[in-house]
Amino acid sequence: MDAIDLRLADVDWLTVGRKLAADPAVNSDRIACPQGYGIDRYNKGLEPPSDDQLIHAACKDVRQALKERTTEQDEKADELRAVENLRLDRLFFVAYRQAVKDGDLPAIDRALRILERRARMNGLDREAVQDRDRRPGRHRQRTDRGRPR
């Protein structure tokens, strides 16, 4: 069991720290956790970590593990986005050829919808809106109550 599993089970930070502590004097199971919190201190025969140090170590451990998992999910999403972009390319070129060759209005609409989908999926529209709102002199309209419309 790791710190994330314990936190998902709604175990408080101090209990997580104690459960995963290296020193059996503070470990809640009274065992030496070989890669546990405070292993360096335990190996040197020093005092075990304080409650605050255990809490800090557990928090840091969970933050790092979540960061690694988020990075892994982002990489998987990037791979899927690349595949979806290839699919959209194929669909777009079919619609585009028909739109240009025949001047077919439904094909033009379809090509535009594919372009819009690609822009949304890749976050292109979001950046344009953020940039527009950051321009100097750009203010949101307010109602008579002072709240943005």
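Residues numbered from 1 in each chain as written. Predicted model: local features only at pLDDT ≥ 70, side-chain atom pairs only at ≥ 80, totals over all residues. Heavy atoms only, no water.

Asker: Which residues make up the environment of Ala107, and what values go with them?
Answerer: By secondary structure assignment, the location of Ala107 is in helix H5 (residues 105–121). Between the C-alpha atom of Ala107 and that of Phe92, which follows or precedes it by 15 residues, the distance is 9.5 Å. Ala107 has contacts with Ala95, Gln98 and Ala99, leaving out every residue within four places of it along the chain. (Helix = DSSP H or I, 4+ residues; strand = E, 2+ residues; numbered from the N terminus. Contact = heavy atoms within 4.5 Å.)

Asker: Go over the packing of aromatic side chains with me, naming the residues and quoting the values.
Answerer: The tally for this structure, following the rule as stated, stands at two aromatic pairs. Ring plane angle 65 degrees and centroid distance 5.6 Å describe the contact between Phe92 and Phe93, whose orientation is recorded as edge-to-face. Given the relative accessible area of 12%, Phe92 is considered buried. Members of the aromatic cluster, connected to one another through ring pairs, are Phe92, Phe93 and Tyr96. Of note, Arg7 hangs over the ring of Trp13, and the distance from its end group to the ring centre comes to 4.2 Å. (Phe/Tyr/Trp six-rings, centres within 6.5 Å; stacked < 30°, edge-to-face > 60°. Buried < 20%, exposed > 50% of the residue type's maximum accessible area, 1.4 Å probe, protein only. Lys NZ or Arg CZ within 6 Å of the ring centre and 35° of its normal.)

Asker: Give a description of the confidence of the model for the chain that names residues and reports values.
Answerer: Looking at the chain, pLDDT values average 83 and 83% of them are 70 or higher. Within the chain, the element-level pLDDT minimum falls on helix H6 (residues 124–134), averaging 65, and the maximum on H5, averaging 95. (pLDDT = per-residue confidence, 0-100.)

Asker: Describe helix H4 (residues 51–102), and please don't skip the residues or the numbers.
Answerer: The terminal C-alpha atoms of H4 lie 74 Å apart, and with 52 residues this matches the ideal 76 Å at 1.5 Å per residue to within 8%. Where H4 is buried, its residues contact helix H1 (3–8), helix H2 (13–19) and H5. Once H4 ends, the next one or two residues include Gly103, with phi positive near 65 degrees. (Expected span 1.5 Å × (residues − 1).)

Asker: Quick rundown of the side chain of Arg118? Include the residues and the values.
Answerer: As for its position among the elements, Arg118 is in helix H5. Aside from chain neighbours lying at most four places away, what touches Arg118 is Asn85, Leu88, Asp89 and Phe92.

Asker: Outline the environment of Arg30, supporting the account with residue identities and numerical values.
Answerer: Note that Arg30 resides in the loop between H2 and helix H3 (39–43). A relative accessible area of 56% means that Arg30 is categorised as exposed. Taking the C-alpha atoms as reference points, Arg30 and Lys19, separated by 11 residues in sequence, lie 8.9 Å from one another. Every residue in contact with Arg30, bar those within four places of it in the chain, is listed here: Pro24 and Ala25.

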